[in-house]
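Given next are the chains, with one letter for each unit.
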Amino acid sequence: MGTLQIHNPANGRLVDEIPADDAASVAEKANRVRAAQPAWAAAPMAERKACITRFRSGLVSEADTLAATLTAEVGKPIAQARSEINGLLARIDFFVDQAEAAIADETVFADEAVTEHISHEPLGVVANISAWNYPYFVGGNVFLPALLTGNTVLYKPSEFAALTGLHIARLLHGCGVPDDVFVPLIGAGEVGAALLAQPVDGVFFTGSHATGTKIAAAVGPRLIKLQLELGGKDPTYVCDDADAATAAASLADGAMYNTGQSCCSVERIYVHERVHDEFVAAFADTVRGFRIGDPTDEATYIGPITRAPQIAVLQAQVADALAKGATLRTGSRHLEQPGNWFEPTVFTEVNHTMELMREESFGPVIGIQKVSGDAEAVALMNDTRYGLTAGVYTRDEARARRLLSQVHAGSVYWNCCDRVSPRLPWSGVGDSGVGLTLSTYGIQTFTRPKAWHLRRPGV
Ligand code: NAD
């Protein structure tokens, strides 16, 4: 077995070197997880819920250590790291509260002769291949409901959040989830590919569109359940009746939180010409005020870019936008210092010939485009292959509902952005993905509904 080196993206220093999996260890782990599944599925729901509730307590008591690890390996500013761990608590509460009812048996028809009944059976062994940008959220959206509904889980955290993945496994095991019921796999893409070669019953992937299509190609012929939660190019429209300053403050946060590395970061902004200049001035001022620097500092808002190669993507988008006539309002520089640093960057006078307005930036870079009215805004919002989230800022609820009903996206927002609720389904349309997590649908998705046709004898 080889090792995986983890470097701190804030300074390039080695954080840790840990044993990594290979094809043989992945196969051995897959066998163990398969063997453990029937007993876990047969355990009472109350026992599985108790394990997850104890896991919640573990997160609370170790929050400082867990946040420090997340900051060291991903570069997430420490206040945002703590906030992610706290945010997982609400998701755990939802899943624990709802799991039993979501998969309860249902009788959908009964007369004197026939009863029709639905039960929900676990898929079996679930492969959970995860991203680094919100490892607690995107991992937890899968492994929590998967475990609660009686599945065993092969969990491959991102190679950029492997220490967090190991913390999660340690906490779950310490809370009564058997070692063979939740098994982490450590390594990069080749370990993910080795996992896909195992006889799993479902693949739940969160990551880039490029990797998602590879996974779909590998898994497709197997005819097993496949969910892909991929990237986006999430638009927002600021209408002429919106309060420009309030919208600017909200959207600057929605674009730059987590250093712009959220699947649902605001990635494109369209502003009605009547409020455009006021909005842009307030937006650029807010962004200039964001503190960039040491992610272990409580006051830091913008941290490093987690993956070094993303710097080149941001630089290419900046160069393309400038070459095509965009106006730079602030930022745009790759900071030449140890680690991966990129200034928060705002462009105006952008258009859809620019990569900046078409492809996921996944960094602190945003384009703001002036529009003349609602029809143009909706057409531009829908001019994308992605469809994760979209939003509208206006004082008029009816106008917001009308516009949002025309936008192709899995989640839509009125006067808010970059928001996820455990009670609502999380999904994308187009190249943003297939399937969903969260909500009661995101619990049922880890089960197979079984149809029971029961005819009483002699009736
Ligand atoms: P990525 O695609 O590079 O990696 C995701 C995971 O796939 C990692 O664990 C990686 O090791 C693994 N992997 C890579 N190649 C593989 C292969 N050939 N076979 C199997 N596994 C393989 O993505 P990332 O950089 O970790 O995450 C960023 C992306 O994730 C962004 O596009 C972001 O928008 C998206 N994302 C989407 C959501 C959502 O809910 N829709 C949430 C978070 C992140």
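About the criteria used
Residues numbered from 1 in each chain as written. Predicted model: local features only at pLDDT ≥ 70, side-chain atom pairs only at ≥ 80, totals over all residues. Heavy atoms only, no water. Helix = DSSP H or I, 4+ residues; strand = E, 2+ residues; numbered from the N terminus. Contact = heavy atoms within 4.5 Å. Pairing = 2+ DSSP bridges. Axes fitted to C-alpha atoms, helices over the stretch in contact; angles between N-to-C directions. Near = heavy atom within 4 Å. Polar contact = N/O pair within 3.5 Å; in protein donor to acceptor, adjacent residues only side chain to side chain. Areas by Shrake-Rupley, 256 points an atom, 1.4 Å probe, with all protein chains shown as cover. Buried < 20%, exposed > 50% of the residue type's maximum accessible area, 1.4 Å probe, protein only. 1 Å grid on protein atoms, 1.4 Å probe; cavity = no way out; pocket = protein on both sides within 12 Å on 5 of 7 lines; lining within 4 Å. Points joined across faces, edges and corners; volume = space filled by probe spheres on them. Nonpolar A, V, L, I, M, F, W, Y, C, P; charged D, E, K, R; others polar. Core = buried A, V, L, I, M, F, W, Y, C linked by side-chain atoms within 4.5 Å. Parallel < 35°, antiparallel > 145°, perpendicular 65-115°, else oblique. Left-handed = near helix turned anticlockwise from the far one by under 90°.

S.K.: Could you clarify how one ought to interpret the environment of A162 in this entry?
M.R.: Tracing the backbone shows A162 in helix α6 (residues 162–174). Along the chain, A162 and R13 lie 149 residues apart, while their C-alpha atoms are 16 Å from each other. Once you skip the residues sitting within four places of it in the chain, A162 turns out to touch L4, I6, I18, E73, P157 and I186.

S.K.: Looking at this structure, I do not really get the sheet that holds strand β20 (residues 433–434). What am I missing?
M.R.: Whenever strands of a sheet pair, they do so through backbone hydrogen bonds, lying parallel or antiparallel. Judged by pairing direction, the sheet is mixed, and its six strands sit side by side in the order β7-β6-β5-β8-β9-β20 without closing on themselves. Each edge of the sheet is formed by a strand with only one pairing partner; in this case those strands are β7 (182–184) and β20. Both strand β8 (residues 202–206) and strand β9 (residues 225–229) contribute to a ladder of five bridges, which runs parallel. Its bridge partner being in β9, V203 is matched across the sheet by L226. Its contacts with the sheet place helix α8 (residues 209–219) against β5 (125–129), β8 and β9, and it is angled at close to 175° to β9.

S.K.: Just to check I follow, could you spell out the site of the ligand for this structure?
M.R.: Close to the ligand lie 30 residues, the nearest being E159, S208, T211, L230 and E360. One of the side-chain nitrogen or oxygen atoms of W132 is found 2.9 Å away from an oxygen atom of the ligand. Within the side chain of E360, a nitrogen or oxygen atom sits 2.7 Å from an oxygen atom of the ligand. Starting from 860 Å² of accessible surface for the ligand in isolation, the protein chains cover 90%. Those elements giving two or more residues to the shell around the ligand turn out to be α7 (189–196), β8 and α8.

S.K.: Which parts of the structure should I look at to understand the side chain of S265?
M.R.: Considering the arrangement of structural elements, one finds S265 in the loop between α9 (244–256) and β11 (266–272). For S265, a relative accessible area of 1% gives the class buried. Those residues in contact with S265, other than ones at most four positions away along the chain, are D234, G254, A255, Y257, G260 and D418.

S.K.: Would you explain the layout of surface pockets in this entry?
M.R.: In this approach the atoms are scanned with a rolling probe the size of a water molecule, which exposes any empty space left behind. Approximately 210 Å³ is the volume found for the second largest pocket. Lining the second largest pocket are 15 residues, and of these H7, P9, F160, T306 and N340 sit closest to its centre. Counting residues per element, the lining of the second largest pocket draws most heavily on strand β1 (residues 3–7), which supplies three residues. The residue makeup of the lining of the second largest pocket, split by class, is five nonpolar, seven polar and three charged.

S.K.: Please explain the nonpolar core as it appears in this structure.
M.R.: Across soluble globular proteins, nonpolar side chains have a tendency to be buried as a group. If you look at the biggest cluster of nonpolar residues, it comprises 82 residues, and the most contacted ones within it are F55, F279 and F283. By residue number, the principal contributor to this core is helix α4 (residues 78–102), which donates 11 residues. Residues contacting F283, with those up to four places away along its chain left out, are A248, L251, A252, A255, I269, V346, I366 and I368. By size, the runner-up hydrophobic cluster in this structure holds 28 residues, among which are C239, L314, V350 and M381.

S.K.: Would you explain the packing of helix α3 (residues 63–74) against α4 in this entry?
M.R.: Angle between the axes and distance between the axes are the two parameters that describe a pair of packed helices. Between α3 and α4, the shortest axis-to-axis distance is 9 Å and the interhelical angle comes to 125°. Looking at the two axes, α3 sits oblique to α4. Handedness of the crossing formed by α3 with α4: right-handed. Residues A63, D64, L66, A67, A68, L70 and T71 of α3 form the contact with α4, whose participating residues are I78, A81, R82, E84 and I85. Of the residues contributing to the contact of α3 with α4, the split by class is eight nonpolar, one polar and three charged.

From the geometry alone we can't say anything about function, so treat these as descriptive.
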